[in-house]
Amino acid sequence: MLDREGFRPNVGIILLNANNEVWWGKRVREHSWQFPQGGIKYGETPEQAMYRELEEEIGLRQEHVKIVGRTRDWLRYEVPDHFIKREVRGHYRGQKQIWFLLRMVARDNDVNLRLTDHPEFDAWRWHDYWVPLDVVIEFKRDVYQRALQELSRFLTWPPGGQERRQSSRYLRQPHERRGQGGPGNRQSGGPNTRVADVASKAIADAAGSSKLLLVTRDKE
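1. Remarks on the overall build of the protein
(1) Moving on: Across its full length, the protein holds two helices and twelve strands.
(2) Moving on: Listed N to C, the secondary structure of the protein is β-β-β-β-α-β-β-β-β-α-β-β-β-β in terms of helices and strands.
(3) Moving on: Evaluated residue by residue, the protein yields a buried proportion of 44% over its 220 residues.
(4) Moving on: Counting contacts in the protein only where the partners sit at least 6 residues apart, residues at least 24 apart contribute 75% of the total.
(5) Moving on: Carbon and sulfur atoms make up 46% of the accessible area of the protein, which totals about 12,400 Å².

2. A few points about the nonpolar core
(1) Moving on: One finds Ile 14, Phe 35, Trp 99, Tyr 129 and Leu 148 to be the most contacted residues of the largest nonpolar core, which totals 24 residues.
(2) Moving on: At the level of secondary structure, the elements contributing two or more residues to this core comprise strand S1 (7-16), strand S2 (22-27), strand S6 (75-78), strand S7 (94-104) and helix H2 (141-151).
(3) Moving on: With five residues, H2 is the single largest residue contributor to this core.
(4) Moving on: Setting aside its immediate chain neighbours within four residues, Phe 35 contacts Ile 13, Ile 14, Val 22, Trp 23, Trp 24, Trp 99, Phe 121, Val 131, Tyr 144 and Leu 148.
(5) Moving on: Met 50, Ile 98, Trp 124 and Trp 126 belong to the second largest nonpolar core, which has 21 residues in total.

3. Digging into the pattern of salt bridges
(1) Moving on: One pass over the full model with this rule turns up 14 salt bridges.
(2) Moving on: The residue Lys 96 makes a salt bridge to Asp 3 at a minimum N-O spacing of 3.3 Å. With Lys 96 in strand S7 and Asp 3 in the segment before S1, the pair connects residues that are 93 residues apart, well separated along the chain.
(3) Moving on: Arg 27 is paired through a salt bridge with Glu 120; the nearest N and O atoms lie 3.6 Å apart. Residue Arg 27 is located in strand S2, and its partner Glu 120 is located in the loop between S7 and strand S8 (121-127); the two are separated by 93 residues in the primary sequence.
(4) Moving on: According to the relative accessible area criterion, Arg 27 is partly exposed, its value standing at 25%.
(5) Moving on: Salt bridges linked by common partners bring Glu 44, Arg 52, Glu 53 and Glu 56 together as one network.

4. Some words on the packing of aromatic side chains
(1) Moving on: One pass over the structure, following the stated rule, counts eleven aromatic pairs.
(2) Moving on: Between Phe 83 and Phe 139, the aromatic rings sit 5.4 Å apart at their centres with planes inclined by 55°, giving tilted as the arrangement. Of this pair, Phe 83 sits in the loop between S6 and S7 while Phe 139 sits in the loop between S8 and H2, and the two are 56 residues apart along the sequence.
(3) Moving on: Residue class for Phe 83 comes out partly exposed when judged on its relative accessible area of 48%.

5. Quick word on the environment of Leu 133
(1) Moving on: Note that Leu 133 resides in the loop between S8 and H2.
(2) Moving on: For Leu 133 and Tyr 144, which are eleven residues apart along the polypeptide, the C-alpha to C-alpha distance reads 7.5 Å.

6. Digging into the side chain of Lys 140
(1) Moving on: Counting through the fold element by element, Lys 140 comes out in the loop between S8 and H2.
(2) Moving on: It turns out Lys 140 is buried and unbridged, and the closest side chain with the opposite charge, Glu 120, is 8.2 Å from it.
(3) Moving on: Leaving out residues up to four positions away in the same chain, Lys 140 has contacts with Gln 34, Gln 37 and Tyr 77.

7. Side note on unusual backbone geometry
Outside of glycine, negative phi angles account for most residues, and trans bonds account for most peptide bonds.
(1) Moving on: Phi is positive for Asn 20, which is not a glycine, with a value near 60°.
(2) Moving on: Its place among the elements puts Asn 20 in the loop between S1 and S2.
(3) Moving on: For Arg 29, which is not a glycine, the phi torsion comes out positive at approximately 60°.
(4) Moving on: With respect to the helices and strands, Arg 29 occurs in the loop between S2 and strand S3 (33-34).
(5) Moving on: Residue classification places Arg 29 among the exposed residues on the basis of a relative accessible area of 72%.

8. Observations concerning the pairing of S2
(1) Moving on: Of all six residues making up S2, five are buried, and the element is well covered by its neighbours.
(2) Moving on: Bridge count for S2 against S8 is six bridges, and the pairing is antiparallel. Residue pairing across strands places Trp 24 opposite Arg 125, the latter belonging to S8.
(3) Moving on: Here S2 pairs with S3 via two bridges, running antiparallel. Each residue of the ladder has a partner; that of Lys 26, found in S3, is Trp 33.

The rules we used
- Residues numbered from 1 in each chain as written.
- Predicted model: local features only at pLDDT ≥ 70, side-chain atom pairs only at ≥ 80, totals over all residues.
- Heavy atoms only, no water.
- Helix = DSSP H or I, 4+ residues; strand = E, 2+ residues; numbered from the N terminus.
- Buried < 20%, exposed > 50% of the residue type's maximum accessible area, 1.4 Å probe, protein only.
- Contact = heavy atoms within 4.5 Å.
- Areas by Shrake-Rupley, 256 points an atom, 1.4 Å probe, with all protein chains shown as cover.
- Core = buried A, V, L, I, M, F, W, Y, C linked by side-chain atoms within 4.5 Å.
- Salt bridge = Lys/Arg side-chain N within 4 Å of Asp/Glu carboxyl O.
- Phe/Tyr/Trp six-rings, centres within 6.5 Å; stacked < 30°, edge-to-face > 60°.
- Lys, Arg positive; Asp, Glu negative; His and termini not counted.
- Pairing = 2+ DSSP bridges.

Structural data, given as structure tokens:
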């Protein structure tokens, strides 16, 4: 379903915990991190699509979250031609998104990345609100920056500011050897420095500062 300009309606989700840290997901078998997002189906409202994508991608239902805010209007990004299927080139230009800011009222272990047969993420962590835009695919960075900036007006920061320790959640791949994916094999991040003009932060080193949890897949 495309609009007249070739943009597909879509929703993006920024999920907060009690410390205003955001849910930050690692795409399956990729070294890229992003927020949950997905298309709006015919007949759905943006809010209905948001709840469906929330459950499909991270396993949380409507009762697990509270809506804090949403963007006033659509935020658009264009997709480069080499990412577009050949049969729709010339018609499809990209996504137009309504972004929702949610507060999680459930427990961390209510998150379930394996709810569907085709998961979007294989790892997740809580990250400071100003996520590192340099790890987001380039053509989405402007929309991420605009969404974070617009929705930040809904935040009330707890005493002590926004610097909090991160907590990572990981799924172990079925054939991964014991010891892989642990803190000793993590890549270290740079200093957790705020870049105010682009609302961006470097990835903090989870080793030594984050609790790591590995979850094995069920046998098929």
